[in-house]
Amino acid sequence: SYASNTIVYSVVRYLLREAIKAEFYLCEVKGSKLIEIPEHPILDLLRKPNEVNGKVEFIEKVLGYKFIQGESFIYLSSPSAGINKGTPIEMWSIAPNQVKINSDEYGVPLNYKMGFSDTNSITADPSQVIHLKYFNPDPNSLRGLSPLTTAALSVQQSDLAYKNNIANLDKGGIQGLFVYNSDNEFDDFDEIKQNALEEKWTKKNSEKSIMVTNAKLKWEQVGLKSTDLDLLNTIKFSLRDICNIYGISSQLMNDPDNKIQANVKEARVE
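Presented here is an overview of the structure given in this document. (Residues numbered from 1 in each chain as written. Predicted model: local features only at pLDDT ≥ 70, side-chain atom pairs only at ≥ 80, totals over all residues. Heavy atoms only, no water.)

### Regarding the overall build of the chain
Definition in use: Strands here mean DSSP runs of E at least two residues long; helices mean DSSP runs of H or I at least four residues long; both are numbered from the N terminus. Every residue pair with non-hydrogen atoms within 4.5 Å of one another is taken to be in contact. Only the protein chains shown count as cover for residues, and all accessible areas are computed by the Shrake-Rupley method using a 1.4 Å probe.
Helix and strand counts for the chain stand at nine helices and ten strands. Considering only contacts in the chain between residues 6 or more positions apart, those separated by 24 or more positions represent 55%. Accessible surface, the chain as shown: approximately 18,300 Å² in total, 54% of it carbon and sulfur.

### Describing the sheet that holds strand β5 (residues 99-103)
Here is the rule: Only strands joined by at least two bridges in the DSSP assignment are considered to pair. Every angle, taken between N-to-C directions, lies between 0 and 180 degrees, and every axis is a line fitted to C-alpha atoms, over only the stretch in contact when it is a helix.
Across the sheet, which stays open at both edges, the three strands sit in the order β5-β6-β7 with antiparallel pairing between neighbours. In the strand order of this sheet, the two ends are held by β5 and β7 (120-124), each with one partner. Each strand of the sheet is rotated relative to its neighbour by a mean of 20°, with strand direction disregarded. One ladder, built from five bridges, connects strand β6 (residues 109-117) with β7; its direction is antiparallel. Counted as the bridge partner of Gly115 is Ser121 from β7.

### Points about the nonpolar core
To keep things clear, this is the line we draw: Only buried Ala, Val, Leu, Ile, Met, Phe, Trp, Tyr and Cys residues count toward a nonpolar core, and they belong to the same one when joined by side-chain atoms within 4.5 Å. Between buried and exposed lies partly exposed: a residue is buried under 20% and exposed over 50% of the maximum accessible area for its type, with that area taken using a 1.4 Å probe on protein chains only.
Counting residues in each nonpolar core, the largest one holds 21 residues, and the members touching the most others are Val11, Leu15, Ile242, Tyr246, Ile248 and Met253. At the level of secondary structure, the elements contributing two or more residues to this core comprise α1 (6-19), α5 (152-170) and α8 (231-245). At seven residues, the largest contribution of residues to this core is made by α1. In contact with Ile248, other than residues within four places in its own chain, are Val11, Tyr14, Leu15, Cys243 and Met253. Grouped together as the second largest cluster of nonpolar side chains are nine residues, Phe73, Tyr75, Ala124 and Val129 included.

### Quick look at the packing of α1 against α8
Cut-off, in case you're wondering: Here a crossing is called left-handed whenever its near helix is offset anticlockwise from the far helix by less than a right angle, and right-handed whenever the offset is clockwise. Gly falls in the polar group here, along with every residue not listed as nonpolar (Ala, Val, Leu, Ile, Met, Phe, Trp, Tyr, Cys, Pro) or charged (Asp, Glu, Lys, Arg).
Close contact between α1 and α8 brings their axes to 10 Å; oriented N to C, the two are set at 35°. Handedness of the α1/α8 crossing: right-handed. Two secondary-structure elements touch here, α1 through Ile7, Val8 and Val11 and α8 through Ile235, Ser238, Leu239, Ile242 and Cys243. Looking at the contact of α1 with α8 residue by residue, the classes come out as seven nonpolar, one polar and no charged.

### A few points about unusual backbone geometry
With a phi close to 65°, Asn254 is a non-glycine residue in the positive phi region. With respect to the helices, strands and loops of the structure, Asn254 is situated in the loop between α8 and α9 (261-269).

### A word on the pairing of strand β3 (residues 71-77)
Residues in a regular strand point their side chains to alternate faces of the sheet. Of all the seven residues making up β3, seven are buried; the element is thus mostly covered by neighbouring parts of the structure. Side chains Glu71, Phe73, Tyr75 and Ser77 of β3 all project onto a buried face; the interleaved residues Ser72, Ile74 and Leu76 project onto the opposite face, where all are buried too. When β3 meets strand β4 (residues 90-94), the two strands line up antiparallel, connected through five bridges. Counted as the bridge partner of Tyr75 is Trp92 from β4.

### Observations concerning helix α3 (residues 55-69)
Rule in force here: A helix is expected to span 1.5 Å for every residue after the first.
For α3, spanning 15 residues, the distance from its first C-alpha to its last is 21 Å, which sits close to the expected 21 Å at 1.5 Å a residue. For α3, the set of buried residues is Lys55, Phe58, Ile59, Val62, Gly64, Lys66 and Phe67. Of the surrounding elements, those touching the buried residues of α3 are α1, α2 (41-47), β3, β4, β8 (129-133) and α4 (147-150). Looking at the residues trailing α3, positive phi occurs at Gly70, about 85°.

### What to know about the pattern of salt bridges
Quick reminder of the rule: We define a salt bridge as a side-chain nitrogen of Lys or Arg found within 4 Å of a carboxyl oxygen belonging to Asp or Glu.
Taken as a whole and assessed by the stated rule, the structure comprises six salt bridges. Here Glu71 makes a salt bridge to Arg143, at a shortest N to O gap of 2.8 Å. Remark: Arg143 occurs in the loop between β8 and α4 and Glu71 occurs in strand β3; sequence separation between them is 72 residues. Since its relative accessible area comes to 24%, Arg143 is described here as partly exposed. The shortest N-O distance in the salt bridge between Asp255 and Arg240 comes to 2.7 Å. Taken together, the residues Asp255 in the loop between α8 and α9 and Arg240 in helix α8 connect sequence positions 15 residues apart.

### A closer look at the packing of aromatic side chains
Rules: The pairing test for Phe, Tyr and Trp rings, Trp by its six-membered ring, is centres within 6.5 Å, and the orientation test on the planes gives stacked under 30 degrees, edge-to-face over 60, and tilted for anything in between.
Applying the stated criterion to the full structure yields three aromatic pairs. Residues Tyr2 and Tyr9 carry aromatic rings whose centres are separated by 4.9 Å and whose planes lie at 35° to one another, so their mutual orientation is tilted. By relative accessible area, which is 40% here, Tyr9 ends up partly exposed. Seen in terms of ring centroids, Phe73 and Tyr112 are 6.1 Å apart; in terms of plane orientation they differ by 65°. Their pairing is edge-to-face. Here the residue Phe73 occupies a position in strand β3, and Tyr112 occupies one in strand β6, the gap between them amounting to 39 residues. Tyr112 matches Phe73 in its accessibility class, with the two residues each being buried.

Structure representation (structure tokens):
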């Protein structure tokens, strides 16, 4: 849905743009006070998680996977020996579809196998993996529930609405057919008049042509107009559904019924 639906893409991108603005602070709790620690290896790791990703890209990947697939995995790479054994030196965001969770009979993770295949993977201890996930009511699943699973029908509905709009445009608008019209009288409509009308139309409408005939025909529309199908309202309702599952106001996504500037400002504050 993220790659093919403009509403899902826009909502997720909005959330990610807001998330990357966040700054990290490390504080020590002393009684009721928070004492900021300006320098620490943890802060260095958050600023530069690994040799490939910086802070912004790392946050986008971690939260992007969670928003779209309902879960996200962070692998903490650390030395296997020496004085820094077990101390994370890198953090990597792993795509959920590359992670297999092996657990005991009670659902407690024993290890995580990460990679594209069994021959191209690594096995990590639970202490090396941070598993962020949304609540999943399935008692037999250790995986997070994607918000888009609950919005599947709304996403499909918006997809169909867009496809119908494209189909109407591709076919040149509303379709119809000529039928015999016994009330039409064109007995004096000869070939000279026919050619004159065709030439006059072509001069005014160079991109379209018509055929003029003296047959007793009339045009009957087949199918409903776009307004009758109410495709725009369908897209609007899908927008609101998808915004609702992510907990943001549709006003932030240019909802046509809620575009008042004051409303948008209030939605941003919330």
